[in-house]
Amino acid sequence: MTGQGDSAEHEWVDDHAGPVVRPYAVTRGRARPVTGTFDLISLVMATRTDVGSESGLGPEHMAIVGLCQRMQSVAEVAAHLDLPVGTVRVLLGDLVARSLVQVREPRATPAGLPDDSVFEAVINGLRAL
Amino acid sequence: MDYGPSERPAGAASLPTAIKILIAGGFGVGKTTMVGAVSETRPLRTEEVLTETGVGIDDLSGVEEKRTTTVAMDFGRITISDDLVLYVFGTPGQDRFWFVWDELALGAIGAVVLADTRRLADCFPSIDYFEGRGTPFVVAVNCFEGATQFRLDEVQTALNLDPGVPVVLCDARRRESSKEVLITLLEHAMKTREARRRAGG
Ligand SMILES: Nc1nc2c(ncn2[C@@H]2O[C@H](COP(=O)(O)OP(=O)(O)O)[C@@H](O)[C@H]2O)c(=O)[nH]1
Ligand SMILES: [Mg+2]
């Protein structure tokens, strides 16, 4: 899923283009990640503590690696960097391609709902909160 | 959704699994309040920027002419265990942005539809959406002061709900109350799954 797919059928309200420019510059104009799909709740963890001398990466890439020293979802990365999810997906694609982060896609069973052990764990976890 | 080769470097197995629940309902019904009540951190906000053409942005000079819109989603996180993290997402306005709803609903365990008895019809689009998708949901009546008290079976009838759909009262500002709603949803989703399995689905 990317944020752009089937939106043509919908009528969007006009927004001035201001906020789009920075994310656009951050990805150097790329709308799609080089690899990966990145669900909102895919979990991201850095594989290294610092990126060192990797070339071709910008400050936002570094910021993601820093943030993901602790595991974060794609949605959390976007919220903390104050960037749209689509932009963060592109940046994450760059980092996956360089093996600088690992990503765990959310679980989905063929039936669409997880098995009882997951439900029970969540129910017990909520009760214990 | 499965592990693509590029998303599965060695060691990925040690990361927890994430699951999500949606909080839907009309404007001002308490969605963001409920997200905040259950979340272990303050609610976060994430944005999707959508382009009207649907093909994305392909060159910088064109940016000014593209019609774009920003859809914001509030969400919170509850760490269940080392293996499991629950995310709770408030859905954006239910009169449009269905494309974003589809993205949110994909893989969701279920949804809470918040209802305000002073404006019950406001939650119809959410109910229609989750019924249409087959996403398990519960209706939680958020008790605002000054609202006439209805019996839950009256709400059930007024919303024309399938009798199996739980309807509960809540106070979205209270953590305990909101937690109970989520637990009701999870139990309902579990039953739904079991019923579907027995029906050979
Ligand atoms: N009295 C009362 N007020 C509530 C309750 N839940 C939310 N509110 C208030 O209703 C307003 C709208 O809530 P909000 O969560 O922003 O609604 P949203 O548009 O669905 O995200 C806020 O001022 C909340 O403080 C409730 O259970 N009881
Ligand atoms: Mg809100």
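In this report, the structure presented in the accompanying data block is examined. (Residues numbered from 1 in each chain as written. Chains lettered and ligands numbered in written order. Predicted model: local features only at pLDDT ≥ 70, side-chain atom pairs only at ≥ 80, totals over all residues. Heavy atoms only, no water.)

### Observations concerning the overall build of chain A
When you go through chain A residue by residue, the secondary structure sums to 5 helices and 3 strands. The order of helices and strands in chain A, counted from the N terminus, is α-β-α-β-α-α-β-α. Within the span of chain A, comprising 129 residues, buried residues form 53% of the whole. Taking the intrachain contacts of chain A between residues at least 6 apart in sequence as the baseline, contacts between residues at least 24 apart amount to 76%. Accessible surface, chain A: about 5500 Å² in total, of which carbon and sulfur atoms supply 51%. (Helix = DSSP H or I, 4+ residues; strand = E, 2+ residues; numbered from the N terminus. Buried < 20%, exposed > 50% of the residue type's maximum accessible area, 1.4 Å probe, protein only. Contact = heavy atoms within 4.5 Å. Areas by Shrake-Rupley, 256 points an atom, 1.4 Å probe, with all protein chains shown as cover.)

### Looking at the sheet that holds strand S1 (residues 43-46) of chain A
All names here are of chain A. Strand order across the open sheet formed by 3 strands is S2-S1-S3, with antiparallel pairing between neighbours. Because the sheet does not close on itself, it has two edges, and the strands there are strand S2 (72-73) and strand S3 (101-104). In this sheet, S2 lies alongside S1 in antiparallel orientation, the contact comprising 2 bridges. Bridging from a neighbouring strand, leucine 43 pairs with serine 73 of S2. (Pairing = 2+ DSSP bridges.)

### Side note on the packing of helix H2 (residues 59-67) of chain A against helix H4 (residues 85-97) of chain A
Residues and elements named next belong to chain A. Direction vectors running N to C along H2 and H4 enclose 75 degrees, while the axes themselves pass 10 Å from each other. One element, H2, and the other, H4, form an angle in the roughly perpendicular class. Across the interface between the two elements, Glu60, His61, Ile64 and Val65 from H2 touch Leu91, Leu92, Asp94 and Leu95 from H4. In terms of residue class, the contact of H2 with H4 is built from 5 nonpolar, 1 polar and 2 charged. (Axes fitted to C-alpha atoms, helices over the stretch in contact; angles between N-to-C directions. Parallel < 35°, antiparallel > 145°, perpendicular 65-115°, else oblique. Nonpolar A, V, L, I, M, F, W, Y, C, P; charged D, E, K, R; others polar.)

### A word on the pattern of salt bridges
If charged atoms from side chains of opposite charge come close, those side chains can pair. All names here are of chain B. Under the definition given, this model contains 19 salt bridges over all chains. Between aspartate 116 and arginine 119 there is a salt bridge whose closest N-O contact spans 3.1 Å. Under the relative-accessibility criterion, arginine 119 is labelled partly exposed at 32%. Arginine 151 serves as the salt-bridge partner of aspartate 153, at 3.0 Å between the closest nitrogen and oxygen. Under the relative-accessibility criterion, arginine 151 is labelled exposed at 52%. What emerges from the salt-bridge pattern is a single network uniting Asp116, Arg118, Arg119 and Asp122. (Salt bridge = Lys/Arg side-chain N within 4 Å of Asp/Glu carboxyl O.)

### Points about helix H5 (residues 116-128) of chain A
Its 13 residues place the ends of H5 of chain A 18 Å apart at the C-alpha level, agreeing with the 18 Å of an ideal helix rising 1.5 Å per residue. Val118, Phe119, Val122, Ile123, Gly125 and Leu126 of chain A are the residues of H5 of chain A that are buried. Along H5 of chain A, the residues classed as buried sweep out an arc of 165 degrees about the axis, all on the same side. Taken together, the buried residues of H5 of chain A touch strand S1 (17-25), strand S3 (68-79), strand S4 (84-90) and helix H5 (175-198) of chain B. (Expected span 1.5 Å × (residues − 1). Arc of directions from axis to C-beta.)

### A short note on the sheet that holds S4 of chain B
With mixed pairing, 7 strands are arranged side by side in an open sheet as S2-S3-S4-S1-S5-S6-S7 (chain B). In this open sheet, the two edge strands, each paired with only one partner strand, are strand S2 (44-51) and strand S7 (167-170) of chain B. Each strand axis lies, on average, 30 degrees off the axis of its neighbour in the sheet, ignoring direction. Relative to S4 of chain B, S3 of chain B is paired through 5 bridges, and the arrangement is antiparallel. Counted as the bridge partner of glycine 76 of chain B is valine 88 of chain B from S4 of chain B. Packing against the sheet, helix H3 (residues 74-81) of chain A makes contact with S2, S3 and S4 of chain B, and its axis sits at approximately 90 degrees to S2 of chain B.

### Section: helix H2 (residues 98-105) of chain B
Given 3.6 residues per helical turn, the α-helix brings residues three or four places apart onto the same face. Counting buried residues in H2 of chain B gives 6 out of 8 residues, a clear majority hidden from the surface. Residues of H2 of chain B that are buried include every one of Phe99, Val100, Trp101, Glu103, Leu104 and Ala105 of chain B, and no others. Those residues of H2 of chain B hidden inside the fold are in contact with H4 of chain A together with S1, S2, S3, S4 and helix H3 (124-133) of chain B.

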